[in-house]
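# A structural walkthrough
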Amino acid sequence: MEKFLSVNDVPNLDELVKSALEIKANPVAYSEVGKHKMLGLIFFNPSLRTRLSTQRAARHLGMDVMVMNIDKEGWKIETQDGVIMDGDKAEHLKDAAAVISQYCDIIGVRSFPNLNSKEEDYADAVMKDFVKFSHSPIVSLESATRHPLQSLADLVTIRENSSKPKKKVVLTWAPHPRALPQAVPNSFAEWMNAADDVELVITAPEGYELDPEFAGDATFTTNQDEALKDADFVYAKNWSSTKEYGKVVCTDKSWEVTAEKMALTNDGKFMHCLPIRRNVVASDEVLDSDNSLIIAEANNRTFAAAAVLRAILEKDQ
Ligand code: AN0
Ligand code: CP
């Protein structure tokens, strides 16, 4: 694998999921693959899971890791091309990316959207510029539009928890007090559509429809109860409005995933990428129930990241 920005970079999805499960069963099976190789993790935004699980994954492969919170510890970065840099930004992204890639064999980058302009955010400039100016392969740790390491861990979790040839997976919008990116739902939809054992249904309020590039052929309904009927998996996530880009438009608390909502499903499992605001997005009762996969899902982040790093280190996969 050359880079990991979306499901489109994966030559064989089933093989990648298998690799993650193989590493989970024996985490040190490939401990020589990354020997004397350096992974750099560059964060423009906060993270708990991605930061820790990716470091753990790298260590399983024998890699060394450097982490930089570039927003807090680095020079202020200019991203626009051709500007006169006489303001507060001391370093251009093109120089930073080229320099970092001299120190690192693989670079992971996290860069959230600003949620002001859809056009600007969906251009995914930071991630694309890292790809352009780095000499090392780039792994997305969540960009403005996608979170592929999360989606791979989600698919691994779904396959681990059901052997049904076709699983009904419902991506449901849920309330949140703040405007959040669309990266997680975009990416989740894209990965579920690429998996042949998933029937994806998306439910969200009007004005929250995902871009067709990500939603694909998934069924969409604004009727959450209808969507939840017979679901094998319920994947909750808030995202900000797509129609009024980046805004919190719907504040309807009835979208919260509660035990009553889960009762509509086929004894469905509950999933969320975390961090989650308890009793806003979903109730404690759901999150702490036997059907909740939230902690298992976060655990799989390590093995998803290891499978991706392994595929890049071995290149031909
Ligand atoms: C981020 C988001 O929604 O994209 C990160 C999720 C992994 N969540 C928050 O900002 C709360
Ligand atoms: N799910 C996820 O990516 O969590 P962090 O933002 O804590 O890394």
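Overview of the structure. (Residues numbered from 1 in each chain as written. Chains lettered and ligands numbered in written order. Predicted model: local features only at pLDDT ≥ 70, side-chain atom pairs only at ≥ 80, totals over all residues. Heavy atoms only, no water.)

## Comments concerning the overall build of the protein
- Along the protein, the regular secondary structure elements total 13 helices and 11 strands.
- Projected onto the principal axes, the alpha-carbon positions of the protein cover approximately 55 × 50 × 30 Å.
- By sequence separation, contacts in the protein at least 24 residues apart represent 77% of the contacts at least 6 residues apart.
- For the protein, the computed accessible surface area is about 14,100 Å², with 48% contributed by carbon and sulfur atoms. (Helix = DSSP H or I, 4+ residues; strand = E, 2+ residues; numbered from the N terminus. Contact = heavy atoms within 4.5 Å. Areas by Shrake-Rupley, 256 points an atom, 1.4 Å probe, with all protein chains shown as cover.)

## What about the packing of helix 2 (residues 49-60) against helix 13 (residues 294-313)?
- Here helix 2 crosses helix 13 at 50 degrees, and the two axes come no closer than 8 Å. It follows that helix 2 is oblique to helix 13 by the angle criterion. For the pair helix 2 and helix 13, the sense of crossing is right-handed. Where helix 2 approaches helix 13, its residues R49, T50, S53, T54, R56, A57, A58 and H60 are matched on the opposing element by A298, R301, T302, F303, A305, A306 and L309.
- When grouped by side-chain class, the residues that make up the contact of helix 2 with helix 13 number 7 nonpolar, 5 polar and 3 charged. (Axes fitted to C-alpha atoms, helices over the stretch in contact; angles between N-to-C directions. Parallel < 35°, antiparallel > 145°, perpendicular 65-115°, else oblique. Left-handed = near helix turned anticlockwise from the far one by under 90°. Nonpolar A, V, L, I, M, F, W, Y, C, P; charged D, E, K, R; others polar.)

## Brief notes about the site of ligand 2
- The environment of ligand 2 is formed by S47, L48, R49, T50, R110, H147, Q150, C273, L274 and R301.
- Within the backbone of L274, one N or O atom sits 2.9 Å away from a nitrogen atom of ligand 2.
- In this structure, an oxygen atom belonging to ligand 2 sits 3.1 Å away from a side-chain N or O atom of R301.
- Protein chains bury 93% of the 260 Å² of accessible surface belonging to ligand 2 in isolation. (Near = heavy atom within 4 Å. Polar contact = N/O pair within 3.5 Å; in protein donor to acceptor, adjacent residues only side chain to side chain.)

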